[in-house]
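# Commentary on secondary and tertiary structure
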Amino acid sequence: MRKFRLILSFALAAAAFAASAGPALRPKAHYGEIGRRVAAMLPRHHILRQPLNDAVSRKAWTNIVTFYDVDHTIFLKSDVERLASRMLTIDDELKAGDVSFGYAVHALYSARLAERIAFATNFLAGTEWDFSENEMYRIRRKDAPWPKTRKEAEAHWFKRMKNEVLVHNLAKELDVEE
């Protein structure tokens, strides 16, 4: 069990380093011009040949936010609501040469991931696991609501870590039986 905690702690530390390493990403000056050109070319050259409008903007927003947090375990509901203010403007921003939305999502993701990793790392340092309670843990959270508060997010991460430890312990027991 101690070895498992050590390995998990190292993995979390590596992820924390990756999430916080280096300066914040920012678009380079010429990315705006590239964005304008893509916005102009997309309606004519994309296989669907549809206009770059609010419907495409909504789909792009959904794809980007889902890409970063498919299981709804990183962002808070308030984060998603704040990002939603730009849901129908990505098309207009791109036409104007503003490519900042993806960078804003990435910066928010990096900050929230660092918070989750700090919680997990600090929690793992001194936790004794109690498996005597009958608890539920939702593994697939794609359709679950985003947590409303940091405390709610941490409660999910606690159950996530507890599940990982339980799976590890059961696998060790099965290996011994074989």
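Residues numbered from 1 in each chain as written. Predicted model: local features only at pLDDT ≥ 70, side-chain atom pairs only at ≥ 80, totals over all residues. Heavy atoms only, no water.

What follows covers the nonpolar core. Residues Trp61, Val65, Phe75, Val80, Leu83, Met87, Ile90, Phe101, Val105, Leu108 and Trp146 constitute the largest nonpolar core, which totals eleven residues. Top element by residues in this core is helix α6 (residues 100-125). It accounts for three residues. Here Phe75 is in contact with Val65, Tyr68, Asp69, Val80, Val105, Leu108, Tyr109, Arg112, Trp146 and Pro147, once residues within four sequence places are set aside. Residues Ile117, Phe119, Trp129 and Met161 belong to the second largest nonpolar core, which totals ten residues. (Core = buried A, V, L, I, M, F, W, Y, C linked by side-chain atoms within 4.5 Å. Buried < 20%, exposed > 50% of the residue type's maximum accessible area, 1.4 Å probe, protein only. Helix = DSSP H or I, 4+ residues; strand = E, 2+ residues; numbered from the N terminus. Contact = heavy atoms within 4.5 Å.)

The subject of this paragraph is the packing of aromatic side chains. Applying the stated criterion to the full structure yields seven aromatic pairs. Relative to Trp129, the ring of Phe123 lies with its centre 5.9 Å away and its plane at 55°, an arrangement referred to as tilted. Note on Trp129: relative accessible area 13%, which makes it buried. Directly above the ring of Trp157 sits Arg160, whose terminal nitrogen or CZ lies 4.8 Å from the centroid. (Phe/Tyr/Trp six-rings, centres within 6.5 Å; stacked < 30°, edge-to-face > 60°. Lys NZ or Arg CZ within 6 Å of the ring centre and 35° of its normal.)

Moving on, we get to the pattern of salt bridges. Tallied over the full model, the rule gives ten salt bridges. Here Arg150 makes a salt bridge to Glu154, at a shortest N to O gap of 3.4 Å. Linking Arg150 with Glu154, this pair stays in helix α7 (residues 150-177), spanning four residues, or about one helical turn. Through salt bridges with shared partners, one network takes in Asp79, Arg82, Arg112, Glu115 and Arg116. (Salt bridge = Lys/Arg side-chain N within 4 Å of Asp/Glu carboxyl O.)

Our next topic: helix α4 (residues 77-84). Every buried residue of α4 is accounted for by Asp79, Val80 and Leu83. Buried residues of α4, viewed axially, fall in a sector of 95°; they line one side. Elements in contact with the buried residues of α4: α3 (54-68) and α6. (Arc of directions from axis to C-beta.)

The next point concerns the packing of α3 against α6. Where α3 contacts α6, the two axes come as close as 10 Å, and the packing angle between them is 25°. Classified by the angle between their axes, α3 and α6 sit roughly parallel to one another. Two packed elements cross with a definite hand, and for α3 against α6 that hand is right-handed. Residue-level inspection shows Trp61, Ile64 and Tyr68 of α3 in contact with α6, the latter providing Phe101, Gly102, Val105, His106 and Tyr109. Taken together, the residues of the contact of α3 with α6 break down into six nonpolar, two polar and no charged. (Axes fitted to C-alpha atoms, helices over the stretch in contact; angles between N-to-C directions. Parallel < 35°, antiparallel > 145°, perpendicular 65-115°, else oblique. Left-handed = near helix turned anticlockwise from the far one by under 90°. Nonpolar A, V, L, I, M, F, W, Y, C, P; charged D, E, K, R; others polar.)

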